[in-house]
Amino acid sequence: MKLLVLTYDFAPMFGGKTTMLRNFFERTTFEKTVLTVSHKDSAEYDKKQRFKIVRIPKILFNIPMPILRVYFFKVFFLFLFGAYLFLKKRPDLVIAGQLLSEGAAAYYLQKFFGAKYCLFVYDTIDGEAPFFSRDKGIAKKILENASKVFYISNFMKEKLIKQGAKESALVLLHPTADHEFFVPNLDTRQLKKSLGVKGK
């Protein structure tokens, strides 16, 4: 299977969704291309990977267009670069790392090129923001047309259904820990002693 991934949050950034996506793509054997934003030290990280990473200059992700809030230059450039990569690579699936922006770009790839896409909905903003903005309409279209929507909690599931997601398309994906950062076998006896914690 060939994948095209659209995401702002990607290594060498750190954090919940970034770590989840990084671990997933580093460990899967699918042929994949990641379209993301440039970050400090990203070139060094990219050289070590066995899959293609295309970086968009970060400044292009942060310039809003004045008419509709969802139509940021972020969406425009994700769609523009995404369309080029889609036509070149012909992926079986497009993966969007966020409901708005990345999800909007994936939706337009489906609308114009027939791309099949799924969403990773990780941030609370994906569940809350569309209710209180002009993005509500496009968020509904993105969710209705997604093949799968990965979410991380029942709270998020309820919000997504209210926004238009099909329950049959929703897939629970529990957040995971980065074991390179959090060390589960660390000897905590000295720490517990210093904090006066006993029996835990």
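Above: the structure in question.
My aim in this report is to walk through the structure given alongside it, one point at a time. (Residues numbered from 1 in each chain as written. Predicted model: local features only at pLDDT ≥ 70, side-chain atom pairs only at ≥ 80, totals over all residues. Heavy atoms only, no water.)

1. Thoughts on helix H4 (residues 102–113)
With 12 residues, H4 should cover 16 Å at 1.5 Å per step; its first-to-last C-alpha distance of 16 Å lies within 8% of that length. Those residues of H4 lying buried are Glu 102, Gly 103, Ala 104, Ala 105, Ala 106, Tyr 107, Tyr 108 and Leu 109. Residues of H4 that are buried in the fold lie against strand E1 (2–6), helix H3 (73–89), strand E4 (93–96), strand E5 (117–121) and helix H6 (136–145). Gly 114 occupies a position one or two residues after H4 and carries a positive phi of about 75°. (Helix = DSSP H or I, 4+ residues; strand = E, 2+ residues; numbered from the N terminus. Expected span 1.5 Å × (residues − 1). Buried < 20%, exposed > 50% of the residue type's maximum accessible area, 1.4 Å probe, protein only. Contact = heavy atoms within 4.5 Å.)

2. Looking at the environment of Gln 98
Position of Gln 98 relative to the elements: it lies in the loop between E4 and H4. In the structure, Gln 98 is positioned 92 residues away from Leu 6 in sequence and 8.6 Å away in space, judged by C-alpha atoms.

3. A look at a nonpolar patch on the surface
A surface patch of nonpolar side chains, about 280 Å² in accessible area, is lined by Met 1, Phe 24 and Phe 30. Here Phe 30 shows up in the loop between helix H1 (16–27) and strand E2 (31–37). A residue is classified by how much of its surface remains accessible, and Phe 30, at 35% relative accessible area, is partly exposed. (Patch = residues over 30% accessible without salt bridge, like charges linked within 9 Å, V, L, I, M, F, W, Y side chains within 5 Å. Areas by Shrake-Rupley, 256 points an atom, 1.4 Å probe, with all protein chains shown as cover. Salt bridge = Lys/Arg side-chain N within 4 Å of Asp/Glu carboxyl O.)

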